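For reference, the chains in residue letters:
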Amino acid sequence: MQVTVFSAHPYDQNSLDTVAQERLSHRQVTLIYQTAALSRQTVPLAAGSDAVCVFVNDQLDAEVLEQLAASGVKAVLLRCAGFNNVDIAAAERLGLFVARVPAYSPEAVAEHTLALVMTLNRHTHRAYNRVREGNFMLDGLLGATLHGKTVGIIGTGKIGLATARIFKGMGCRVLGYDPFPADAFSQTGELVELDRLLAEAHVVSLHCPLLDDTHHMINADSLAKMKKGAMLVNTSRGALIDTRAVISALKHRQLGALAIDVYEQEGPLFFQDRSAEFIDDDLFVRLMTFPNVLITGHQGFFTHEALREIAETTLGNLEDFLDGRESPNAVRTGR
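**Observations concerning the side chain of R79**
Among the structural elements, R79 can be located in the loop between β4 (75–78) and α3 (88–93). Of the polar contacts made by the side chain of R79, one reaches the backbone oxygen of F6; its length is 2.7 Å. Polar contacts involving the side chain of R79 include one to the main-chain carbonyl oxygen of S7, which spans 2.9 Å. Not counting chain neighbours up to four residues away, the residues in contact with R79 comprise V5, F6, S7, A8, D12, C53, V54, F55, V101, I310 and T314.

See below:
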């Protein structure tokens, strides 16, 4: 059994190799690592493999899946929760096994959400640079006390629930919105309609999947409904936000601050070093000019514990495929 791992970084190889040694040493499984992302141009790198292992920005449209199937690939292992980059209908038509990592260390993303909010609110990133230059002035670093403020959580799954618990522990009032809310959320916050959440929250944090219904759910209309000067945080999926609308809301001071760990056109940017090149994404460059915008490069998941869980679940899915078992993490149309 040979598996080609696309978009592989040293930390991916370390975690996968460690777990593979523990779980698959009795099997003849070979992991082939490729730094390139999977696309129509890089499909030939999977030649000779029975499976591919991919991440959030790998391309798995119908054409790519057809090329993979034609080359002998029978399984697609997603080492992430989202699967909006996979044409699931095409995969089913081709008889491909597709499985994901539905949840891993939700606290990792929740804690990164808190880090973004605290950094942007108290301007610690700017203060750090000032102090290193010998500037100890406080002008421009004024923040707000979060205790007693209202935090709106859009998406009450495992990550949203973990985030809500953190903010409740800080003394915040927590509101939640989800078309299919988790029962446990009522123990942490109040479930409300989306319009009310937008109108009352000082901080709005997104924790929902990218679906047709959620694409650009933060747009000109929803931004206009938000409390003036509120902070928007996205550690979920980039395309939940209409970037042009957010830029306009920032320019007109309707939106007070923005913190994002994901970006709707992040594919050509994130998980690579672009420091020696100019970035030709005008919207992204425009975002970086705002002093009240904080951007990190999709690192919310990036903890030792999360990498371990991702590797364990991914290789567990591979074992299900090898043994012909029904995988609880299989991805199908309508699921």
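**Observations concerning the layout of surface pockets**
Gaps between atoms show up when a probe of the same size as a water molecule is rolled over them. Taken as a whole, the largest pocket encloses approximately 1,300 Å³ of empty space. For the lining of the largest pocket, the secondary-structure elements that each account for two or more residues are α4 (106–122) and α6 (158–169). Sorting elements by how many residues they give to the lining of the largest pocket places α6 first, with three residues. Residues that form the lining of the largest pocket fall into these classes: 25 nonpolar, 14 polar and nine charged. If you add up the space inside the second largest pocket, you get close to 480 Å³.

**Points about a negative patch on the surface**
A cluster of acidic side chains, namely E107, E111, E305 and E309, defines a negative patch on the protein surface. With respect to the helices and strands, E305 occurs in helix α11 (residues 304–323).

**Notes on the side chain of T113**
Among the structural elements, T113 can be located in helix α4. Looking at T113, the relative accessible area reads 0%, which means it is buried.

**Observations concerning the pattern of salt bridges**
Under the criterion given, the structure shown has 16 salt bridges. Of the charged contacts, one joins E312 and R308 as a salt bridge, the two residues approaching to 2.7 Å between their closest N and O atoms. With E312 and R308 both in helix α11 and four residues apart, this pair spans about one turn of that helix. A relative accessible area of 27% means that E312 is categorised as partly exposed. Among the ionic contacts, a cluster of salt bridges with common partners joins R27, D320, D323 and R325.

Basis of the calculations
- Residues numbered from 1 in each chain as written.
- Predicted model: local features only at pLDDT ≥ 70, side-chain atom pairs only at ≥ 80, totals over all residues.
- Heavy atoms only, no water.
- Helix = DSSP H or I, 4+ residues; strand = E, 2+ residues; numbered from the N terminus.
- Polar contact = N/O pair within 3.5 Å; in protein donor to acceptor, adjacent residues only side chain to side chain.
- Contact = heavy atoms within 4.5 Å.
- 1 Å grid on protein atoms, 1.4 Å probe; cavity = no way out; pocket = protein on both sides within 12 Å on 5 of 7 lines; lining within 4 Å.
- Points joined across faces, edges and corners; volume = space filled by probe spheres on them.
- Nonpolar A, V, L, I, M, F, W, Y, C, P; charged D, E, K, R; others polar.
- Patch = residues over 30% accessible without salt bridge, like charges linked within 9 Å, V, L, I, M, F, W, Y side chains within 5 Å.
- Areas by Shrake-Rupley, 256 points an atom, 1.4 Å probe, with all protein chains shown as cover.
- Salt bridge = Lys/Arg side-chain N within 4 Å of Asp/Glu carboxyl O.
- Lys, Arg positive; Asp, Glu negative; His and termini not counted.
- Charge placed at Lys NZ, Arg CZ, Asp CG, Glu CD.
- Buried < 20%, exposed > 50% of the residue type's maximum accessible area, 1.4 Å probe, protein only.

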